[in-house]
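Structural features, examined
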Amino acid sequence: MKVKLCIIMLCIGVGIPALAQDEVVEAVAQDILVRGVVVNEKQRPLPGVAVSVDGEPSITDTTDAKGTFTLYVPRSAKQLVATCVGMRNETVNIAPQMRLILRKAFSRNEFSVHAGVGASSLWNYSPNVGNYKFSVGYDFGIGYTLFFSKNKTWAVSTGISIASFNSNYELPTFTDAKGKISDGEGGDFDYFDATISGYTESQHLSMLTIPLMLHFEKEMTETGKFYAALGVKFGLPRGTINYTNNVQELHASGTIRGREIIDPESMGLGNVNRNRIDLSGGSIDNLQTAYFVSVETGMKWALTNEWSLYTGIYMDYGFKNIIETGGNDLVGYNAAEFVTNTSAKYSLSGMLSASSAEGKPFVDKVSPVSAGVRVALAFGKIPVKKVASPPPLPPVAAPPPVATPLSVASPPPVASPPPIAAPLPVATPLPPSPVDTVKVVRKTPAKETRQQRQQRIVDKARVQKPINFEVAKSDLLLASRAALDVEIRDLKSQLDEKITLLKKYPNWHIRIEGHTDDTGSQARNEILGQDRAETVKAYMIEQGIPAEIITETVSKAATEPLVPNNSVENRRKNRRVVIVIVKE
C-alpha cells in the first residue's frame, strides 16, 4: 500500500511541472513568427510596403530598405495583405518564411478630370491687314482611357471639354474709302473716307471639344511613367464669336456733287468725338465645326494604387476655317441717320468680317489654336487578386512571447507538491541575461604600445570568430528545454565575450553577417541569414552596444561557406554569424 502511494505521489510530482510547462508552450503557440521579403517583378526589394494580417490591420509591419518584414501573428490568422503605392495589393496565405512579389498597379479602365491653361487664339495665319496677338485661354473637362495592350502601355482615350479661345488684334492706321453714299436728301456722296488710328479688338469663342487619341505609357521610375498622346479633336462652337473694340481717333471727310459739305459737323464728319462711335462690340455667328490635330506629353505619377496624377504640355492645332470672312465695311456710316439724329453713331463691324474698299477680306482664314500646360487627376479601380502563396518552407520553431527573442521567460509559478521521494530531474530554465549597464564612451585612441597592439590583434580575431547556429534556426532560444543549458548558454557566452571586447575598443565599427549552409532554397537562405544577423544585433544592443557602431546587417546566405557543404559537421560550421570589424 505504501509502495503504491509513493508511486502516485511521484507521478504527481513529475506531472505538475510538466503540465505547467505545457501551459507555457500552449501560451507561446498562440502567436507565430512570420518573416519574409517583398520584391517587385524584377526581383528587386521593395521598401515601404505595408504588410498586415487580413482583417486585423493593427497587426502590421513596414518593409525596410532590403524589403524584409517581421510579424507576430495569431495562429488563427490565414492571410497577409501587402499594400504599396503604385503596386497592386496582394493577399497571400501565411507561411513562416515568405517571399511576396508585388506587381505594378494596373486598371484597364481609367476616368479622369483635367484642366489646362496656355496661349490660345482664333488664328488667321497671315492677316492681310493688322497684327494678331495670342491671349490666355483655358480648357477643363472629363476623360476616359481604355488600355488594350498586353504590356499595359497602349490605350485609346476620349472625353469632353470646354475650351476657351481668345485673341487680340491691332490695327495702327487704316483708311476706309467709299463712294455713292446717300446724303438722305436725294443726293449721293462723290466719295467718303474714314481714317481710323489705334484700333484694337479682342475676340472670344467657347467650344465643346471631343478628342479621340492614341495613348502611350512607359515606366520611368517606381512611381512615374512617361506618357504621350496623339490624335484628333472635334470642336463644336458654343454660340458666336464675341468681340469688343476700341479706337484712339477717327477722322471722316467727303464731298457731295463735287462740292465740299457746308456743315460737316451735322453730317458727323471731321474729327469724330469718341461718344459718336459705338464701341460696344458685336458678334459673328454661322460658325462651322472645328477640326484639330492634338498632341500631349508629360509624366504620370502614381498617388495610390487607384489614383494617378498627369502633368504635361499640350497643343491643339486647328486646320479648318470656321467662318466666312469679309463682306462688311470696318467703319459703318449712314448719312441719312446723321442728318435726322444728332446722337447717331459710327459702327465698327469687327475685323474678322471686314473687307477693304477693294473688297479684300482683312483675314482669309480663321481657325482656333492653343498650347499650354495641363494636369489631370485619374482614377482606375485596381482589382485585388488573391493568389496562392508558394509552398511553405520547413517551419521555424515559435519563439516564446517576450519583448525580444533573446530573453528567456520563466514558467509561471505552480503549487508545490507534497514532499515525496526525489522525482526525475527536470532542467531548470536559465535566468534572464543581466543587462550590462556599462556605458560605452567614444574616445580618441592614444598611442598604443607594442604589447597593446599585439593584444588588440588577438582581441580582433576573437571578435571575428564565427558563432554557429542550429539547422533552420535564427534565434537564440530552442524548443528543447534540455538544450537550454548547453546550446543557448554557449551561444550567449560567445556573444557576451565579444560584447566585452567591443566595449574595450569603443572606436570600432562592425558589420554583422549571417550565413547558412546549402540546405533549402536561395530565397529561404537569404531570409534566414538576415534573421540570424538581426538577432545578434538585437542582443548586442540590449547588452549595451551602441546601435551607431553597427554599420549594417547583411545576409550572405550560402554564398560564402567556410568549408564544403559535404557533411553534417561541415554544414554546422557554415551555419554561422560573423562580426566583421570594418573600422578601428
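Residues numbered from 1 in each chain as written. Predicted model: local features only at pLDDT ≥ 70, side-chain atom pairs only at ≥ 80, totals over all residues. Heavy atoms only, no water.

Let us look at the sheet that holds strand E7 (residues 97-101). Across the sheet, three strands lie side by side as E4-E1-E7; this open sheet has mixed pairing. On the outer flanks of this sheet lie strand E4 (68-74) and E7, each paired with one strand and no other. Between one strand and the next, the sheet's axes are offset by a mean angle of 30°, whatever the strand orientation. Of the pairings in the sheet, the one linking strand E1 (residues 31-39) to E4 comprises seven bridges and is antiparallel in character. Within the sheet, the bridge partner assigned to aspartate 31 lies in E4 and is proline 74. (Pairing = 2+ DSSP bridges. Helix = DSSP H or I, 4+ residues; strand = E, 2+ residues; numbered from the N terminus. Axes fitted to C-alpha atoms, helices over the stretch in contact; angles between N-to-C directions.)

Within the element layout of this structure, serine 294 appears in strand E18 (residues 290-302). Owing to a relative accessible area of 2%, serine 294 belongs among the buried residues under this scheme. Among the polar contacts made by the side chain of serine 294, one reaches the side chain of aspartate 316 at a distance of 2.8 Å. Ignoring any residue separated from it by four or fewer positions in sequence, one finds serine 294 in contact with Met213, Ala229, Leu230, Gly231, Lys233, Met315 and Asp316. (Buried < 20%, exposed > 50% of the residue type's maximum accessible area, 1.4 Å probe, protein only. Polar contact = N/O pair within 3.5 Å; in protein donor to acceptor, adjacent residues only side chain to side chain. Contact = heavy atoms within 4.5 Å.)

Let's shift gears to the packing of aromatic side chains. Tallying each qualifying case throughout the model produces 16 aromatic pairs. Residues phenylalanine 111 and tyrosine 144 carry aromatic rings whose centres are separated by 5.2 Å and whose planes lie at 45° to one another, so their mutual orientation is tilted. Within this pair, whereas phenylalanine 111 is found in strand E8 (residues 109-123), its partner tyrosine 144 is found in strand E9 (residues 131-147), the two being separated by 33 residues in sequence. An aromatic cluster is built from Tyr132, Tyr169 and Tyr199, whose rings are joined through pairwise contacts. Positioned over the ring face of tyrosine 314 is arginine 374, at 3.9 Å from the centre of the ring. (Phe/Tyr/Trp six-rings, centres within 6.5 Å; stacked < 30°, edge-to-face > 60°. Lys NZ or Arg CZ within 6 Å of the ring centre and 35° of its normal.)

Turning our attention to the nonpolar core. Formed by 45 residues in total, the largest nonpolar core has its most connected members in Ile241, Leu330, Tyr346, Leu352 and Phe362. A per-element tally of this core places strand E11 (residues 189-219) first, with six residues. (Core = buried A, V, L, I, M, F, W, Y, C linked by side-chain atoms within 4.5 Å.)

The subject of this paragraph is the pairing of strand E5 (residues 79-83). Judged by how many residues are buried, E5 sits mostly within the fold: four of five residues are covered. Between E5 and strand E6 (residues 90-93), which pair antiparallel and follow one another directly, the connecting turn spans six residues, one of which, glycine 86, has a positive phi of 85°.

As a further point, take the pattern of salt bridges. Enumeration according to the criterion identifies 18 salt bridges in this entry. Among the ionic pairs, glutamate 217 bridges to lysine 225, the shortest N-O distance being 3.7 Å. With its nearest N and O atoms 2.6 Å apart, the salt bridge here joins glutamate 497 to arginine 462. Remark: arginine 462 occurs in helix H3 (residues 450-463) and glutamate 497 occurs in helix H4 (residues 484-504); sequence separation between them is 35 residues. Salt bridges sharing partners connect three or more residues here, namely Glu110, Glu217, Lys225 and Lys300. (Salt bridge = Lys/Arg side-chain N within 4 Å of Asp/Glu carboxyl O.)

Mean pLDDT over the protein chain: 79, with 77% of residues reaching 70 or higher. Residue range residues 384-438 is modelled with pLDDT below 50. Its contacts to residues more than four positions away, or to other chains, number 89 contacts. Per-residue pLDDT stays below 50 along residues 477-484; that stretch engages in 17 contacts with residues further than four places along the chain or on separate chains. (pLDDT = per-residue confidence, 0-100.)

Applying the stated criterion across every chain, the model contains five cavities of 30 Å³ or more. Taken as a whole, the largest cavity spans an internal volume of roughly 330 Å³. Lining the largest cavity we find 22 residues, and of these Ser112, His114, Ser157, Glu296 and Arg374 sit closest to its centre. When residues of the lining of the largest cavity are assigned to their parent elements, the largest contribution, five residues, is made by strand E10 (residues 154-178). By residue class, the composition of the lining of the largest cavity is nine nonpolar, nine polar and four charged. (1 Å grid on protein atoms, 1.4 Å probe; cavity = no way out; pocket = protein on both sides within 12 Å on 5 of 7 lines; lining within 4 Å. Points joined across faces, edges and corners; volume = space filled by probe spheres on them. Nonpolar A, V, L, I, M, F, W, Y, C, P; charged D, E, K, R; others polar.)

Turning next to helix H5 (residues 522-542). Helical geometry: 3.6 residues make up each α-helical turn, so side chains three or four residues apart lie on a common side. The end-to-end C-alpha distance of H5, which contains 21 residues, comes to 30 Å, matching closely the 30 Å that a straight helix rising 1.5 Å per residue would cover. Glycine 544 sits one or two positions beyond H5 and adopts a positive phi of about 105°. (Expected span 1.5 Å × (residues − 1).)

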